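# Structural characterization, general
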Amino acid sequence: MLNFNTEQNMDYLTELNEEQRIVFMKALARLANADGKLDEDEKAFVRETAKIYGIPESRLEEILCQGSDDEVVEAVKIINNRRAALELIKEMCVLAHADDELSDSETLLIGRVGRAMGVELEKIEQISKWVIDRLVWLEEGKIIFEEV
């Protein structure tokens with residue numbers, strides 16, 4: 001299974017209700033499906049993350065069978081917690097970079113989701129750069145500590 005290296009900082013989730021957590025997960029699932037197919041590794045990622053985020057198993061199918069980008073962009077507007085919005089952007093950036101290929105559709109969706117939650121484009125770019133820098137730093141660590 002792929003290691004998506006997500007950050008599971010749970011503090012902000014305590015302030016989200018179940019519907020907001022579902023929408024959070026729908027945005028991640030939609031991003032995982034940006035290439036038009038949700039493979040088994042991506043489904044496993046969504047399932048595991050949903051479990052960590054306290055999403056009932058009965059709602060997993062709802063998350064995995066998400067609609068269009070437009071529907072997800074509209075749905076994330078209920079996330080009115082700034083920290084949760086920033087964390088969603090971060091998690092989306094981490095997920096988008098998991099395969100070392102950031103597509104135009106992924107970039108566009110991240111930007112649209114962020115803007116729908118009131119996150120400025122400059123902040124989205126700042127988060128994306130931080131994620132990239134962190135991934136580079138982790139890869140350098142593997143080389144330094146001969147984990148390659």
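Right, let's walk through the structure included here. Source: prediction; values computed, not measured.

Scoring rules and cut-offs
Residues numbered from 1 in each chain as written. Predicted model: local features only at pLDDT ≥ 70, side-chain atom pairs only at ≥ 80, totals over all residues. Heavy atoms only, no water. Phe/Tyr/Trp six-rings, centres within 6.5 Å; stacked < 30°, edge-to-face > 60°. Helix = DSSP H or I, 4+ residues; strand = E, 2+ residues; numbered from the N terminus. Buried < 20%, exposed > 50% of the residue type's maximum accessible area, 1.4 Å probe, protein only. Contact = heavy atoms within 4.5 Å. Salt bridge = Lys/Arg side-chain N within 4 Å of Asp/Glu carboxyl O. Expected span 1.5 Å × (residues − 1). Polar contact = N/O pair within 3.5 Å; in protein donor to acceptor, adjacent residues only side chain to side chain. Axes fitted to C-alpha atoms, helices over the stretch in contact; angles between N-to-C directions. Parallel < 35°, antiparallel > 145°, perpendicular 65-115°, else oblique. Left-handed = near helix turned anticlockwise from the far one by under 90°. Nonpolar A, V, L, I, M, F, W, Y, C, P; charged D, E, K, R; others polar.

### Concerning the packing of aromatic side chains
All chains considered together, the criterion is met by 2 aromatic pairs. Seen in terms of ring centroids, Phe24 and Tyr53 are 5.4 Å apart; in terms of plane orientation they differ by 80 degrees. Their pairing is edge-to-face. Of this pair, Phe24 sits in helix 1 (residues 18-32) while Tyr53 sits in the loop between helix 2 (40-52) and helix 3 (60-64), placing them 29 residues apart in sequence. We classify Tyr53 as buried; its relative accessible area is 3%. Pairwise contacts between aromatic rings join Tyr12, Phe24 and Tyr53 into one cluster.

### Points about the environment of His97
Following the sequence through the fold, His97 ends up in helix 5 (residues 82-97). Other than its neighbours up to four places away in sequence, His97 contacts Leu102, Ser128, Val131, Ile132 and Leu135.

### Points about the pattern of salt bridges
The tally for this structure, following the rule as stated, stands at 13 salt bridges. Across the pair Glu62 and Arg59 runs a salt bridge whose closest N-O atoms are separated by 2.8 Å. The exposure class of Glu62 is partly exposed, given its relative accessible area of 32%. Its relative accessible area of 15% is what places Arg59 among the buried residues. Ionic pairing is found between Arg82 and Glu120, a salt bridge with its closest N-O pair at 3.0 Å. In this pair, Arg82 is assigned in helix 5 and Glu120 in the loop between helix 6 (104-116) and helix 7 (121-144), connecting sequence segments 38 residues apart. With relative accessibility at 38%, the residue Arg82 sits in the partly exposed group. Relative accessible area serves as the criterion here: at 33%, Glu120 is assigned to the partly exposed category. If you follow the salt bridges from partner to partner, you end up with Glu18, Glu19, Lys26, Arg59 and Glu62 in one network.

### So, helix 5
In this model, helix 5 (16 residues) spans 23 Å end to end at C-alpha, consistent with the 22 Å of a helix rising 1.5 Å per residue. With 13 of its 16 residues buried, helix 5 lies for the most part within the structure. Near the N-terminus of helix 5, the side chain that reaches the backbone nitrogen of Arg83, with its oxygen 3.0 Å away, is that of Asn81.

### With respect to the packing of helix 1 against helix 2
Between helix 1 and helix 2, the shortest axis-to-axis distance is 10 Å and the interhelical angle comes to 170 degrees. The orientation of helix 1 with respect to helix 2, classified from their angle, is roughly antiparallel. The hand of the helix 1/helix 2 crossing is right-handed. Of the residues in helix 2, those in contact with Met25, Leu28, Ala29 and Ala32 of helix 1 are Glu42, Val46, Thr49 and Ala50. Each residue belonging to the contact of helix 1 with helix 2 can be placed in one class, and the counts come to 6 nonpolar, 1 polar and 1 charged.

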